[in-house]
Amino acid sequence: MEKLREIAGELLKSNDVKVVIGYTKGMNNKVTPFFAKKQEDIAKLICGNSCAQNLAVYLYKKDISDLGKPAIVANIHTLRGIMRLAVEKQIDKKEMIILAIDNAGDIQKLDNLSDLENYLSSVIPQLNEEDQQMLDELNRMTPGERMVFWKQEMKKCIKCYACRQACPLCYCTRCTVEENQPQWIPVASSVVGNLEWHMMRAMHLSGRCVECGQCGKVCPVNIPIHLLPVRIAQEMKTLYGTSTGISLSEKCDMSTFKPDDKENFIG
Amino acid sequence: MEFEPKIVAFVCNWCTYAGADLTGTGRMKYAPNVKIIRFPCTGRIDFMLLVKAFSNGADGIIVSGCHPNDCHYTSGNFHARRRWIVFRALLDFMGIDIERITFTWVSAAEGAKWAEIVNTTVDKIKGIGPYTAYQEMINEAWEEE
């Protein structure tokens, strides 16, 4: 933590960066995103295992990107988010400094995207145990049981769209959910409408999701909604052998095809 | 009264629609349960349309287009195939009955195949019964935990 504050302090002092995007202590012992703009703010920065949120989303949120060149405290989720955003040409020309933090707490300063690519080449992305357990459990169920499970979960959804706002890859300025001609998703919260919304979001993230689980983390009613895009990401990995948010040369699996793609259900 | 399933068919203009036309001009009879919706290409068939069909009370869905390598737009059906592979996996994970969706390739010359596809699909859905599990959800309101 001291080292992070030291590096961040130096960056702000030299006026190289205008804002440090990081974490601080929030209410109820929770960790919350924090934007250090002045020397005094530096002491509030924290890091550690509890800082698991994906901060990549703030690289393109207008009120933050208007501040000027950022330095961003980045765990593995944030790193993959940044990489994927760069691949999708959202932040590829943006100047930034990445302060990569690994599980052991070591900090490495990365100045550009090719540094990031090098850093990520040695990292093997892994789903956390809890999520994997839930996935396995759901996979073991029959389709009928799964439907009951998701129906119960969808009943809770209040359509706050926090999942979308927190997702680094949901960057569309106009989302299909706000379209009203035609209206794909009903405005009011209803079981089928909620199901359609989450199904659509998962599909729009297919081949792009970086498996950070941020959508599930921010859900105010604790729907494990991240399991949908994560399940697709796993499917993509087994089918096409690709991971997302790892290298600058990767593509989107859904915007490409192979003439000999295998399936066993088209007659 | 016997259950008559509602089937929605999403087909491409260039192959399957012409194929279904051939079924008619060839005077082959097939089950009248199917409502055909014509698309420019299978690549245009948004996955949301399939979901919307269920939400509007369909019991079964047929999705059909040109055989691989026969696409009028060269690669529309290849893109569609990948989308279906992934979408089918997602539907299965969400507990939607994927047996109710028939994916198939029917060319403009396969009028007989189209009749057979529709007939077997209708028989299959008659066997499974109406999709009440989904239709019940439609009217279910959001409730507090």
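Here the structure is shown first, and the text comes after it.
From a predicted model like this one, the values you see are computed outputs, not experimental measurements.

Here is what the cut-offs are and how they apply
- Residues numbered from 1 in each chain as written.
- Chains lettered and ligands numbered in written order.
- Predicted model: local features only at pLDDT ≥ 70, side-chain atom pairs only at ≥ 80, totals over all residues.
- Heavy atoms only, no water.
- Helix = DSSP H or I, 4+ residues; strand = E, 2+ residues; numbered from the N terminus.
- Buried < 20%, exposed > 50% of the residue type's maximum accessible area, 1.4 Å probe, protein only.
- Contact = heavy atoms within 4.5 Å.
- Areas by Shrake-Rupley, 256 points an atom, 1.4 Å probe, with all protein chains shown as cover.
- Buried area = accessible area lost by both parts, 1.4 Å probe.
- Salt bridge = Lys/Arg side-chain N within 4 Å of Asp/Glu carboxyl O.
- Polar contact = N/O pair within 3.5 Å; in protein donor to acceptor, adjacent residues only side chain to side chain.
- Nonpolar A, V, L, I, M, F, W, Y, C, P; charged D, E, K, R; others polar.
- Pairing = 2+ DSSP bridges.
- Axes fitted to C-alpha atoms, helices over the stretch in contact; angles between N-to-C directions.
- Core = buried A, V, L, I, M, F, W, Y, C linked by side-chain atoms within 4.5 Å.

Caption draft 1: Seen up close, the overall build of chain B. If you tally the helices and strands in chain B, you get five helices and four strands. Sequence-ordered secondary structure for chain B, helices as α and strands as β, is β-α-β-α-β-α-β-α-α. Burial statistics for chain B: of 145 residues in total, 55% are counted as buried. Here the analysis covers contacts within chain B between residues at least 6 apart in sequence; of these, 82% occur between residues at least 24 apart. Per element, the accessible surface of chain B, about 6,400 Å² overall, is 51% carbon and sulfur.

Caption draft 2: Quick look at the interface of chain B and chain A. Contact residues are listed per partner, giving 39 residues for chain B and 52 residues for chain A. The contact between chain B and chain A buries some 4,300 Å² in all, and 70% of this surface belongs to carbon and sulfur atoms. Run the count over chain B and chain A and you get four salt bridges. A:R146 is paired through a salt bridge with B:D92; the nearest N and O atoms lie 3.3 Å apart. For the pair chain B and chain A, the interface holds 12 residue pairs in polar contact (both at pLDDT 80 or more). Only α2 (47-55), α3 (76-93), β4 (101-105) and α5 (132-139) of chain B provide two or more residues apiece to the side of chain B that touches chain A. No other element matches the 15 residues that α3(B) contributes to the side of chain B that touches chain A. Taken together, the residues of the side of chain B that touches chain A sort by class into 24 nonpolar, five polar and 10 charged.

Caption draft 3: Quick peek at the sheet that holds strand β3 (residues 70-74) of chain A. Residues and elements named next belong to chain A. Strand order in the open sheet formed by five strands is β2-β1-β3-β4-β5, and the pairing between neighbours is mixed. Either end of the sheet is taken by a strand with one partner, and the two such strands are β2 (31-36) and β5 (107-110). Adjacent strand axes in the sheet meet at a mean angle of 25 degrees when their direction is disregarded. Pairing between strand β1 (residues 19-25) and β3: three bridges, direction parallel. Residue I21 lies in a different strand from β3, and its bridge partner there is I72. Across the face of the sheet, helix α4 (residues 113-121) comes into contact with β4 (97-101) and β5 while running at roughly 145 degrees to β5.

Caption draft 4: Just the sheet that holds strand β3 (residues 60-65) of chain B, in detail. All names here are of chain B. If you trace the four strands from one edge of the open sheet to the other, you get β2-β1-β3-β4, paired in parallel fashion. The open sheet terminates on both sides in strands that have one partner only, identified here as β2 (34-39) and β4. Across this sheet, the average inter-strand angle for adjacent strands is 20 degrees, counted without regard to direction. Across five bridges, β3 lies against β4 in parallel orientation. Among the inter-strand pairings, I61 is bridged to a residue of β4, identified as I101. Packed on one face of the sheet, α3 meets β3 and β4 and runs near 160 degrees to β4. Each of β1 (7-12), β2, β3 and β4 is contacted by helix α4 (residues 111-128), which is oriented at about 160 degrees to β3, the strand it contacts most.

Caption draft 5: Expanded view of the nonpolar core. The biggest cluster of nonpolar side chains holds 68 residues, and the ones touching the most others in it are A:W150, B:I96 and B:Y134. Other than its neighbours up to four places away in sequence, A:W150 contacts A:L138, A:P224, A:I225, A:L227, A:L228, B:F93 and B:M94. Of all hydrophobic cores here, the second largest spans 50 residues; its members include A:I107, A:L110, A:L113 and A:C212.

Caption draft 6: The arrangement of α2(B) in detail. Residues and elements named next belong to chain B. Burial runs high along α2: nine of the nine residues are buried. The complete set of buried residues in α2 reads F47, M48, L49, L50, V51, K52, A53, F54 and S55. Two or three places before M48, at the opening of α2, D46 has a side-chain oxygen 2.8 Å from that residue's backbone nitrogen. Positive backbone phi, approximately 100 degrees, marks G57, located one or two places after α2.

Caption draft 7: Main features of unusual backbone geometry. Looking along the chain, the bond that leaves A:Q181 and enters A:P182 is cis, with omega of 0 degrees. Within the secondary structure, A:P182 is located in the loop between α7 (162-166) and α8 (191-204). Backbone geometry places A:Y161, a non-glycine residue, at a positive phi of 65 degrees. Relative to the assigned elements, A:Y161 resides in the loop between α6 (143-156) and α7. Backbone geometry at B:T74 places phi at a positive 70 degrees, although glycine is not the residue there. Residue B:T74 is classed as exposed on the basis of its relative accessible area of 60%.

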